[in-house]
There are 2 protein chains.
Amino acid sequence: MGQAVGEAAVRAGLELIPYSFCSSKDSKTKSQIDVGGISVELVGPGQDRDNLIKTLQSQYPNMITVDYTVPDVIHDMVDMYIKHGMPFVMGTTGGDRNRISKEVIESGVYAVIAPNMGKQIVAFQATMETMASNFPGAFSGYTLKVMESHQSSKKDTSGTAKAVVQSFQGLGLNFDVSQIQLIRQPPEQVNVMKVPESALLGHAFHTYQLLSPDGTVTFEFQHNVVGRSTYAEGTVDACLFLAQQVQERAPKTLYNMVDVLRAGAMR
Amino acid sequence: MGQAVGEAAVRAGLELIPYSFCSSKDSKTKSQIDVGGISVELVGPGQDRDNLIKTLQSQYPNMITVDYTVPDVIHDMVDMYIKHGMPFVMGTTGGDRNRISKEVIESGVYAVIAPNMGKQIVAFQATMETMASNFPGAFSGYTLKVMESHQSSKKDTSGTAKAVVQSFQGLGLNFDVSQIQLIRQPPEQVNVMKVPESALLGHAFHTYQLLSPDGTVTFEFQHNVVGRSTYAEGTVDACLFLAQQVQERAPKTLYNMVDVLRAGAMR
């Protein structure tokens, strides 16, 4: 994912600082990777890394770090951001989220942390939440059908679908997350969900169907993503947003994607 | 439409007062109609009607009048509601809306006035408005395709589609209401929009498709209505809401369907 973000950053005209902070395991396996034609050096933990960070901070005072690190080392990475006062954008769901939030706020390090960086998906999800709080019970008596399709290796239910279903519950729909239909078989993905064959190994398709008690009214909402570019683009948006907060010395330091979205069209 | 509302009111367990206030033309053509097995008397303008209203007001102190009158006589009807202090629910788009609003507010008569009484549709429309104001430009660069299908006799573009498109503009989509595709031919309605054949003479189907610049993300929203029952049910909800405001002597007197929805699940 880091690679896709690097490429999106270059596309957005940002300067990519050619270092990637990784686990000691990763830095031992490989010394560098290619990101959109730029050779990026992998740097594991240690005194050398601390020195490098200090050098980069003086060379690039507006540096923002993007973190899609594996869950195992997330807390170590957060410790590093705090130690050096490095603003960071983290797009992963691993680690102890409450602990990270607390540490970030207490240290005053600037960060955007979000489980989903696809800004339109986040906007849809937040909007359904708002709909439920504005119009409680507006869909009372309706029945709901939810289908979500992801690559067959994904075992658990989509977190986005679960969050949206929670909003539908607020709208009066009697529906439990266990009723969400997980589509994991390619034939069904192609025929029912209309996933392109080329996206069978990486996609996130969601369909929500609502039907009135007398069958005369139907609503359907779909959000379908193939590949990773939307998450990468959203991450770059989060970087631009965070850089602005740092520059303006905003009093708040911990943000999520809804904050990024509320800030409006940035590019 | 009045008939469908009467039937919905009876279904909701409300008492239907067996009089319908109509134009003098209508009351001369017919003297009574059947509403869900109840014989309802048509009463045109005049001294007799004024006397009848006074009698009904003393007999039924919680009386709410529902108005789906033809546009020609709307202002006469509003004059009548004001003269007698009759709370009313008006589901029509005719007349001079600003004038009516002003008169209602100045007179202190309680009213719900809305161009669309389908509460879930209204909730969706209001939610898209909120999305645009919360997340300006979130769909910047996306392309939009809007199709709306109604019975072939409807000549103009759907007002709901136009309102939703306005919200999409706020979300950053470059789209003009003139680009909305009006589907009025039955073969296309059946094959493209999936309108049931039985609903070709009365339906309101809307599809909004959003596509990201690189083609990797699609959103689709649909709201499809056949028949009139959802509008009738929403009208009864508005009546229940208005009765409550009257009973509580609420300081505000003029409401719309968003107010009804915000009040939450009423049944």
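This structure is a prediction, so every number in the text was calculated from the model and none was measured.

Reading guide: rules and limits
- Residues numbered from 1 in each chain as written.
- Chains lettered and ligands numbered in written order.
- Predicted model: local features only at pLDDT ≥ 70, side-chain atom pairs only at ≥ 80, totals over all residues.
- Heavy atoms only, no water.
- Phe/Tyr/Trp six-rings, centres within 6.5 Å; stacked < 30°, edge-to-face > 60°.
- Helix = DSSP H or I, 4+ residues; strand = E, 2+ residues; numbered from the N terminus.
- Buried < 20%, exposed > 50% of the residue type's maximum accessible area, 1.4 Å probe, protein only.
- Least-squares fit on C-alpha atoms with pLDDT ≥ 70 in both.
- Contact = heavy atoms within 4.5 Å.
- Buried area = accessible area lost by both parts, 1.4 Å probe.
- Salt bridge = Lys/Arg side-chain N within 4 Å of Asp/Glu carboxyl O.
- Polar contact = N/O pair within 3.5 Å; in protein donor to acceptor, adjacent residues only side chain to side chain.
- Nonpolar A, V, L, I, M, F, W, Y, C, P; charged D, E, K, R; others polar.
- Domains from an automatic or database assignment.
- Pairing = 2+ DSSP bridges.
- Axes fitted to C-alpha atoms, helices over the stretch in contact; angles between N-to-C directions.

## Overview of the packing of aromatic side chains
Residues and elements named next belong to chain A. Scanning all chains against the criterion turns up 23 aromatic pairs over all chains. Between the aromatic rings of Phe-124 and Tyr-208, the centroid separation amounts to 6.2 Å while the plane-to-plane angle is 35°, which identifies the pairing as tilted. Of this pair, Phe-124 sits in helix α6 (residues 119-134) while Tyr-208 sits in strand β9 (residues 203-211), and the two are 84 residues apart along the sequence. Tyr-208 shares its class with Phe-124; the two are buried.

## Quick notes on the relation of the copies chain B and chain A
Once turned by 180° and shifted 0.0 Å along the axis, chain B lies on chain A with an RMSD of 0.1 Å. What the superposition gives is, in effect, a two-fold axis relating one chain to the other. It is Phe-221 of chain B whose C-alpha, among those of chain B, lies nearest the rotation axis, at 2.3 Å. Mapped onto chain A, 100% of the interface residues of chain B are again interface residues, and the two copies thus contact each other with one and the same surface.

## Describing the interface of chain B and chain A
Taken together, the contact between chain B and chain A spans 37 residues of the former and 37 residues of the latter. Buried area between chain B and chain A, both sides added, is near 3,200 Å², and the carbon and sulfur share of it is 59%. Counting across the chain B and chain A interface gives 0 salt bridges. Viewed at the interface, chain A and chain B are joined by 16 residue pairs in polar contact (both at pLDDT 80 or more). When residues of the side of chain B that touches chain A are traced back to their parent elements, those giving at least two are α6 (119-134), β10 (217-226), α9 (229-247) and α10 (257-262) of chain B. Taken together, the residues that form the side of chain B that touches chain A break down as 18 nonpolar, 14 polar and 5 charged.

## Details of the pattern of salt bridges
All names here are of chain A. Going through the model one piece at a time under the given rule, you end up with 16 salt bridges over all chains. One salt bridge in this structure joins Asp-237 and Lys-119, with 2.8 Å as the shortest N-O distance. With Asp-237 in helix α9 (residues 229-247) and Lys-119 in helix α6, this pair connects stretches of sequence that are 118 residues apart. Here Asp-237 matches Lys-119 in class, with each residue buried. Note that Asp-259 is salt-bridged to Lys-252, the shortest N-O span being 3.3 Å.

## A word on the domain arrangement of chain A
All names here are of chain A. Examined at the domain level, chain A breaks down into domain 1 (2-117 + 230-262) and domain 2 (119-228). On a C-alpha basis, the centres of domain 1 and domain 2 stand 31 Å from each other. Between domain 1 and domain 2, the residue contacts involve 9 residues of the former and 11 residues of the latter. Between domain 1 and domain 2, a total of about 910 Å² is buried, with carbon and sulfur atoms accounting for 62% of that surface. The tally of links between domain 1 and domain 2 comes to 1 salt bridge. Where domain 1 meets domain 2, there are 5 residue pairs in polar contact (both at pLDDT 80 or more). Looking at the side of domain 1 that touches domain 2, the elements with two or more residues in it are α9 and α10 (257-262). A per-element tally of the side of domain 1 that touches domain 2 places α9 first, with 4 residues.

## Some remarks on the sheet that holds strand β11 (residues 254-255) of chain A
Residues and elements named next belong to chain A. Taken together, the 4 strands give an open sheet; going across it, the order is β4-β5-β6-β11, and neighbouring strands pair in parallel fashion. In this open sheet, the two edge strands, each paired with only one partner strand, are β4 (65-67) and β11. As judged from the 3 bridges shared by strand β5 (residues 88-90) and strand β6 (residues 111-113), these two strands associate in the parallel manner. Looking at the pairing, Met-90 lines up with Ile-113 of β6. Running at roughly 165° to β6, helix α5 (residues 97-107) makes contact with β5, β6 and β11 of the sheet. Sheet contacts for α9: β4, β5, β6 and β11; angle to β5, the most-contacted strand, approximately 150°.

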